[in-house]
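# Fold and geometry: a report
Residues per chain, in single letters:
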Amino acid sequence: MVDMLPLYFRSLILLAGLSLGATACAPTYNLALTPAKPTGLFAEGREQALTVADSVEVRLSFVCYEPTRVVFEAEYYNPTSQPLIVDPVGFQYQARRVPAPATMPGRRARRPKPLPGEEVTAAVAAASMALPLPPLPPREVAAYDPEPEISTLRERAQKEAEKAARIDWFGVALSVASVATDMASIGKNETRTQFESRVALQDAALTYNAISTAAKIGHALAADVMQQRAANLQEYALRKVTLQPGHQVRGYLYFPRYDAADALVVKAPVGTGLVPLEFTQKRVRR
């Protein structure tokens, strides 16, 4: 996907790195998000948080972490007699964190050493890796709008495909010149300088065309990757829709990833309001 991560989150991810570890000897952690209150509801093995507002049922489950994003799946069911607009740009989350353990005045805090399998808070994890704890986001974090990303991916894929299909006239000219030189040398006694010039032209043509071909293959592969990403977003992402009475819709939501939180309160739009669905972000020592 096109990387549209805000600079704030980019720097926090680089700074926190809670799931990666600061050094080879520092502990590392597995991250996961689960509903703060168990519901017993599951979608493809993922537990769903549930809320109901104005008779509209909203379910949310954690799907996965991407390098810079966290992915949820949202599901709406509209049992009312009125149509409902569902729009991913209306989603947002608020990050929360358990305070760091207090230390005695004048005493240096000891570096914690969690045992494998132990669940810890973001503050303890950061301290165990001797990393500074990033500040919480200053405001609610909005979900990505998939529409401009789909358009951007398609445009970039088209440009890459055009580069892959473009004729390299300079390479053609080099090849023609090389063949013409070879033909002209048939039946003639070449000087050493003429021979070396002809061989150099052959080598230049072969090298240039090999590089040009590799570049075309690279452009073609990039076009395929971007087209596939756009197709995946179009098929799986939650997109703006008018949900008719008695209908339901589901799709993926993409948020900036924020590892240094102990909870994410996702707020889902229902009508003109927002309803919260709280998730606990767990980190377990590997």
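For clarity, every value in this text was computed on a predicted model and none was experimentally measured.

## Let's talk about the pattern of salt bridges
Applying the stated rule across the entire model yields 12 salt bridges. Here arginine 198 and glutamate 190 are joined by a salt bridge, their closest N and O atoms 2.9 Å apart. Of the charged contacts in the structure, one is a salt bridge between arginine 283 and aspartate 262, with a shortest N-O distance of 2.9 Å. Linking arginine 283 in strand S13 (residues 273-285) with aspartate 262 in the loop between strand S11 (248-256) and strand S12 (263-270), this pair joins segments that are 21 residues apart in sequence. Exposure remark for arginine 283: the relative accessible area of 0% places this residue in the buried category. Linked through salt bridges whose partners overlap, the residues forming this network are Glu44, Arg46, Glu73 and Arg250.

## Observations regarding the pairing of S12
Buried residues dominate S12, accounting for 8 of its 8 residues. Going residue by residue along S12, you find Ala263, Val265, Lys267 and Pro269 tucked away on one face and Leu264, Val266, Ala268 and Val270 tucked away on the opposite face as well. Relative to S12, strand S7 (residues 92-96) is paired through 5 bridges, and the arrangement is antiparallel. Each bridged residue has a counterpart across the sheet, and for alanine 95 the counterpart in S12 is leucine 264. As paired strands, S12 and S13 are joined by 8 bridges and run antiparallel to one another. Across the sheet, the residue bridging to valine 265 is glutamate 278, located in S13. Counted along the chain from S12 to the antiparallel partner S13, the turn is 2 residues long, and its residue glycine 271 has a positive phi close to 65 degrees.

Definitions and limits used
For every chain, the first residue of its written sequence is number 1, and the numbers climb from 1 along that sequence. Note on the predicted model: pLDDT of at least 70 is required for a residue's local features to be given, and 80 or more for side-chain atom pairs to be given and counted; whole-chain, interface and lining totals, by contrast, use all residues. The side-chain figures draw on all heavy atoms in the structure; neither hydrogens nor water molecules are used. For this document, the term salt bridge refers to a Lys or Arg side-chain nitrogen within 4 Å of an Asp or Glu carboxyl oxygen. Here a strand is any run of E in DSSP of at least two residues, a helix any run of H or I of at least four, and the numbering for each starts at the N terminus. The cut-offs for exposure are 20% and 50% of the maximum accessible area for each residue type, with area from a 1.4 Å probe on protein chains only; residues under the lower value are buried, those over the upper are exposed, and the others partly exposed. Any two strands with at least two DSSP bridges between them are considered paired.

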